[in-house]
Amino acid sequence: MPNETLLNRVQQSFDRQGLMRHLDARLLRVEPGLCVVALPYSDKVTQQQAGFHGGAIGALADIAGGYAGLTTVPADMEVVSVEYKINFLAAFQGGELRATGHVVKAGRRVIVTTAEVIHIDADGKESACAVMQQTLVPVPKSY
């Protein structure tokens, strides 16, 4: 599939994600086996000490890995997460998070992905935030 077709396919699915709309996440890049998503800092994504909440970081990594996996399945299919493991490397406030999902192995029944989450501060400095490994399964598209 051409990259523009993949981008349109992923964008249409991404736009259906209520959580991503609520958190103001943005789809930045889509290529075969790769997806990049950004999450700006706001009071929607913080924990009690004003840092990015681990749940928001996990959701961002899950989405980036999931959409990287989606690029490997036929157009009449979607993917769902069945498992992920995340390591939080550092806490951050302000700026934005950027998650890059990569497909490690795309099988017919199971897809394994990773995602790296970085923090980008107001000056453009990038720092490691989290890493994730995920298992997806293809399912029939229902919309």
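Just so it is clear, the model here is predicted, and its values are computed rather than measured.

**Student:** Hey, could you go over the sheet that holds strand β1 (residues 26–31) for me, with residue numbers and the actual values?
**Tutor:** Reading across the sheet, the 6 strands line up as β1-β2-β4-β5-β6-β3 and stay open at both edges, with antiparallel pairing between neighbours. Looking at the sheet topology across the chains shown, the edges are occupied by β1 and β3 (77–88). Going across the sheet, the axis of each strand differs from the next one's by a mean of 20°, ignoring polarity. As judged from the 10 bridges shared by strand β4 (residues 96–106) and strand β5 (residues 111–120), these two strands associate in the antiparallel manner.

**Student:** Could you give an account of the pattern of salt bridges, with specific residues and numbers?
**Tutor:** A full pass over the atoms with the stated rule returns 4 salt bridges. Taking the shortest distance from any N to any O, the salt bridge between arginine 29 and glutamate 31 comes out at 2.8 Å. Owing to a relative accessible area of 28%, glutamate 31 belongs among the partly exposed residues under this scheme. Note that arginine 98 is salt-bridged to glutamate 96, the shortest N-O span being 2.7 Å. Residue glutamate 96 is classed as buried on the basis of its relative accessible area, which comes to 13%.

Cut-off values and rules
Along each chain, residues carry numbers from 1 onward, in the same order as the chain's sequence is written. Per-residue local features of the predicted model are confined to residues with pLDDT of at least 70, and side-chain atom pairs are confined, for both listing and counting, to 80 or more; whole-chain, interface and lining totals are unaffected and use all residues. Based on all heavy atoms of the structure, the side-chain values leave hydrogens and waters out of the count. At least two DSSP bridges between two strands are required for those strands to pair. Going along the chain from the N terminus, every DSSP run of H or I of four or more residues is numbered as a helix, and every run of E of two or more is numbered as a strand. Between N-to-C directions, angles span 0 to 180 degrees; the directions come from axes that are lines fitted to C-alpha atoms, helices contributing only their stretch in contact. A pairing counts as a salt bridge when a side-chain nitrogen of Lys or Arg comes within 4 Å of a carboxyl oxygen of Asp or Glu. Each residue is placed in one exposure class: buried if its accessible area under a 1.4 Å probe, protein chains only, is under 20% of its type's maximum, exposed if it is over 50%, and partly exposed if it falls in between.

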